[in-house]
Amino acid sequence: MVSMSARFDFVVDQQAKSWLGQHPEASRLFIAFKSSRACCSGVRVCDVRIRVDVASSHRRNGDASWRPLGQVEGRDVFIDSRLVERMPRQLPLTGRGIGPFRHLDLDLTGEQWAEVLYPI
């Protein structure tokens, strides 16, 4: 069985490094999956985001089972177990947004996003 850290490679661009340098309080990163249904139409809406944990004394559980992926710039990275089989081998991290809306994000192609969010 292949370990999670051997299965995935992080590619961290300069924008992501800059964001991480400006947020030393971000102790852990979580690649989280959320799926919900629209109340009126029944359409399924899926989302994948990078969430940041600033208090390492507790672990975010919710309905997800977190799997450790390794480290990026000295921070532990976890992934929602529902995403493990869907994600591409290379996980490119980038910084997006402006001002107070600046955040970490995955830099996937359209086809990769389709496979991650709505696998066949």
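Here we summarise the structure given alongside this text. Because the structure is a prediction, the values reported are computed rather than measured.

Looking at the overall build of the chain
Secondary structure assignment for the chain yields three helices and seven strands. Overall, the chain shows an N-to-C arrangement of helices and strands of α-β-α-β-β-β-β-β-β-α. Split into buried and exposed, the 120 residues of the chain put 34% on the buried side. On the chain, roughly 7,300 Å² of surface is accessible, and the fraction owed to carbon and sulfur atoms is 52%.

Re the nonpolar core
Formed by 25 residues in total, the largest nonpolar core has its most connected members in Ile 31, Val 48, Leu 83, Met 87 and Leu 106. Secondary structure elements with two or more residues in this core: helix H2 (14-22), strand S2 (28-37), strand S3 (44-53), strand S4 (66-72), strand S5 (75-80), strand S6 (90-96), strand S7 (103-106) and helix H3 (110-117).

Considerations on the pattern of salt bridges
All chains considered together, the criterion is met by seven salt bridges. The partner of Asp 47 in a salt bridge is Arg 49, with the nearest N and O atoms 2.4 Å apart. Classification of Arg 49 by relative accessible area gives exposed; the value is 51%. Put simply, Asp 105 and Arg 96 hold a salt bridge, and the shortest N to O gap is 3.0 Å. With relative accessibility at 16%, the residue Asp 105 sits in the buried group. Taken together, the shared-partner salt bridges connect Arg 96, Asp 105 and Asp 107 into one network.

Some points on the sheet that holds strand S1 (residues 9-12)
Strand order in the open sheet formed by three strands is S1-S6-S7, with mixed pairing between adjacent strands. Of all strands in the sheet, those with a lone pairing partner are S1 and S7, marking the two edges. Between one strand axis and the next, the sheet turns by 30° as a mean value, whatever way the strands run. As judged from the four bridges shared by S1 and S6, these two strands associate in the parallel manner. The residue of S6 that forms the bridge with Phe 10 is Leu 91. Across the face of the sheet, H2 comes into contact with S1, S6 and S7 while running at roughly 65° to S6.

Thoughts on the packing of aromatic side chains
One pass over the full model with this rule turns up two aromatic pairs. Pairing Phe 30 with Trp 66 gives two aromatic rings, centres 4.8 Å apart and planes at 65°, and the pair type is edge-to-face. Of the two residues, Phe 30 sits in strand S2 while Trp 66 sits in strand S4, which places them 36 residues apart along the sequence. The exposure classification of Phe 30 matches that of Trp 66, with both residues buried. Geometrically, the ring pair formed by Phe 30 and Phe 78 is stacked, given 5.3 Å between the ring centres and 20° between the ring planes. Placement of Phe 30 in strand S2 and of Phe 78 in strand S5 is noted, with a sequence separation of 48 residues between them. Looking at Phe 30, the relative accessible area reads 0%, which means it is buried. Overall, the relative accessible area of 8% leaves Phe 78 in the buried class. Put simply, the rings of Phe 30, Trp 66 and Phe 78 pair up and form one aromatic cluster. The ring of Phe 33 carries the charged tip of Arg 86 above its face, separated from the ring centre by 4.8 Å.

Parameters and conventions
- Residues numbered from 1 in each chain as written.
- Predicted model: local features only at pLDDT ≥ 70, side-chain atom pairs only at ≥ 80, totals over all residues.
- Heavy atoms only, no water.
- Helix = DSSP H or I, 4+ residues; strand = E, 2+ residues; numbered from the N terminus.
- Buried < 20%, exposed > 50% of the residue type's maximum accessible area, 1.4 Å probe, protein only.
- Areas by Shrake-Rupley, 256 points an atom, 1.4 Å probe, with all protein chains shown as cover.
- Core = buried A, V, L, I, M, F, W, Y, C linked by side-chain atoms within 4.5 Å.
- Salt bridge = Lys/Arg side-chain N within 4 Å of Asp/Glu carboxyl O.
- Pairing = 2+ DSSP bridges.
- Axes fitted to C-alpha atoms, helices over the stretch in contact; angles between N-to-C directions.
- Contact = heavy atoms within 4.5 Å.
- Phe/Tyr/Trp six-rings, centres within 6.5 Å; stacked < 30°, edge-to-face > 60°.
- Lys NZ or Arg CZ within 6 Å of the ring centre and 35° of its normal.

By themselves these figures say nothing about function.
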